[in-house]
Amino acid sequence: MKKIIFLLLVFFLSCAMRDESDTQVYFIYAGQLYSMNTDGGNIKRMTNDSNTYIWVSSSLCAEYIILSTDTNKIYTMRYDGENFAYLMDGQYATYGPSGRIYFITGPSSNIVARYNPSNGSTEYLETMVSGSNMLYSPSCNRDETILVFYWWNSGPSYLARKSLVTPYTLVTIPTATVNCFYPSFSPTDDRILTIKTAAPYYIRIMSPDNIPSDIYLRTGTSLSTRPAWTADGEHIYFADNSATTNAIKIMNSDGSGARTIAEFSSSIDCLCVQGKPR
């Protein structure tokens, strides 16, 4: 464990330090990747191809982006859009703090794999949940010892934690996460950001002890968003999609101070902030 922590510290120190004014917010809009400044300005389209992108994650060092499509393809690029390339087949890819990549092996899959960019090796982790449950959107905690994801099997969805220490034992499936989607670990502790998709509709933070804190309420219609932490954990970006508005908003991590920073003509999908993996 000490060796793992040392390697993570070396990785953190090797990452480029980036001024907040240079930080980008990435989001999927109309199936393509866009970026904008943290205040909603300088919106740029970063992809323009036949793919339909559904997922985006930044590396911890803020230098790389990984994208997933609706056809089970994973691509990478630099933070500025350069060096765009196909990487492998899979879905919902995200960086771990060490720079390794975690992804679901395919549609209707209950297996998570871990890819090591330094040597090109792929490790297929144990089946995360039993039966025909389908897995989505993995996220690693800050020391890369726990993986969280949501699973679904023609009924309610649930969040689940799995240890990433052999034999990848199940940590918990708290009942408070029924109908919760798109989890993301905090960059500073083991809290989990998620959304609740059954009424009442909330953006929710789960404590390490599985105590829910509902920080943003949407009345009437479901929240359709994949919220994202900032790299310092102080703010959350999310999309507010409804019949009357399609906006990207930012709020403090306790749910206060929510404000619109950009508006669009149709719904916004997955978000992530540069320097904070999904």
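Novice: Which residues make up the sheet that holds strand β6 (residues 73-78), and what are the values?
Specialist: Pairing is antiparallel in the open sheet, where four strands are placed in the order β4-β5-β6-β7. Two strands lie at the open edges of the sheet, namely β4 (53-58) and β7 (85-89), each paired on one side alone. Strand-to-strand twist across the sheet, computed as the mean angle between neighbouring axes with direction ignored, equals 25°. Bridge analysis of β6 against β7 gives four bridges, and the strand direction is antiparallel. Across the sheet, Thr 76 pairs through a bridge with Ala 85, a residue of β7.

Novice: Residue-level account of the pairing of strand β5 (residues 64-69), with values.
Specialist: For a regular strand, side-chain orientation follows a simple rule: the groups alternate between the two sheet faces. A large share of β5 lies buried, amounting to five of its six residues. Pairing of β4 with β5, which is carried by five bridges, proceeds in the antiparallel orientation. Each bridged residue has a counterpart across the sheet, and for Tyr 53 the counterpart in β5 is Thr 69. Two successive antiparallel strands, β4 and β5, enclose a turn made up of five residues, where Ala 62 displays a positive phi of approximately 70°. Bridging between β5 and β6 involves five bridges; their strand directions are antiparallel. Each bridged residue has a counterpart across the sheet, and for Ile 66 the counterpart in β6 is Thr 76. Linkage of β5 to β6, two consecutive antiparallel strands, is achieved through a turn of three residues, within which Asn 72 is found at a positive phi near 70°.

Novice: So what about the environment of Asn 133? Which residues, and what values?
Specialist: With respect to the secondary-structure elements, Asn 133 resides in the loop between β11 (121-127) and β12 (134-140). Distance from Asn 133 to Ser 109, taken between C-alpha atoms, is 7.4 Å for residues 24 residues apart in sequence. Contacts of Asn 133, omitting those with residues within four sequence positions, involve Ser 109, Asn 110, Trp 151, Trp 152 and Asn 153.

Novice: Can you lay out the pairing of β12 for me, pointing to particular residues and giving the numbers?
Specialist: Most of β12 is tucked away: seven of the seven residues are buried. Bridge analysis of β12 against strand β13 (residues 146-152) gives five bridges, and the strand direction is antiparallel. Within β13, the position partnered with Ser 139 by the bridge is Val 148. Counted between consecutive antiparallel strands, the loop separating β12 from β13 contains five residues, among which Glu 144 sits at a positive phi close to 55°.

Novice: Requested: an account of the sheet that holds strand β21 (residues 235-241), with residues and values cited.
Specialist: Judged by pairing direction, the sheet is antiparallel, and its four strands sit side by side in the order β20-β21-β22-β23 without closing on themselves. At either margin of the open sheet sits one strand with a lone partner, and together these are β20 (228-229) and β23 (259-263).

Novice: Describe the pattern of salt bridges, naming the residues involved and giving the relevant values.
Specialist: Inspection of the entire model under this criterion finds eight salt bridges. Here Arg 114 ties to Glu 123 by a salt bridge, and the two come within 2.7 Å at their closest N and O atoms. Taking the relative accessible area as the measure of exposure, Arg 114 reaches 9% and is therefore buried. The class of Glu 123 is partly exposed, set by a relative accessible area of 33%. Measuring nitrogen to oxygen at the nearest pair gives 3.0 Å for the salt bridge that ties Asp 269 to Arg 226.

Novice: Please provide a residue-by-residue account of the nonpolar core, values included.
Specialist: Most often, soluble globular proteins have nonpolar side chains that are buried together. Membership of the largest hydrophobic core comes to 48 residues, with the highest contact counts inside it found for Leu 33, Val 56, Ile 65, Leu 67 and Ile 203. A per-element tally of this core places β13 first, with six residues.

Novice: Can you lay out the packing of aromatic side chains for me, pointing to particular residues and giving the numbers?
Specialist: Under the criterion given, the structure shown has 16 aromatic pairs. Plain terms: the ring middles of Tyr 29 and Tyr 34 are 5.7 Å apart, the flat faces sit at 70° to each other, and that makes the pair edge-to-face. Under the relative-accessibility criterion, Tyr 29 is labelled buried at 12%. With a centroid separation of 5.0 Å and 10° between ring planes, the pair formed by Tyr 75 and Phe 84 is classed as stacked. With relative accessibility at 13%, the residue Tyr 75 sits in the buried group. Taking the relative accessible area as the measure of exposure, Phe 84 reaches 36% and is therefore partly exposed. The rings of Trp 55, Tyr 92, Tyr 136, Tyr 150, Phe 181 and Tyr 182 are connected pair by pair, giving a single aromatic cluster.

Conventions adopted
Residues numbered from 1 in each chain as written. Predicted model: local features only at pLDDT ≥ 70, side-chain atom pairs only at ≥ 80, totals over all residues. Heavy atoms only, no water. Pairing = 2+ DSSP bridges. Helix = DSSP H or I, 4+ residues; strand = E, 2+ residues; numbered from the N terminus. Axes fitted to C-alpha atoms, helices over the stretch in contact; angles between N-to-C directions. Buried < 20%, exposed > 50% of the residue type's maximum accessible area, 1.4 Å probe, protein only. Contact = heavy atoms within 4.5 Å. Salt bridge = Lys/Arg side-chain N within 4 Å of Asp/Glu carboxyl O. Core = buried A, V, L, I, M, F, W, Y, C linked by side-chain atoms within 4.5 Å. Phe/Tyr/Trp six-rings, centres within 6.5 Å; stacked < 30°, edge-to-face > 60°.

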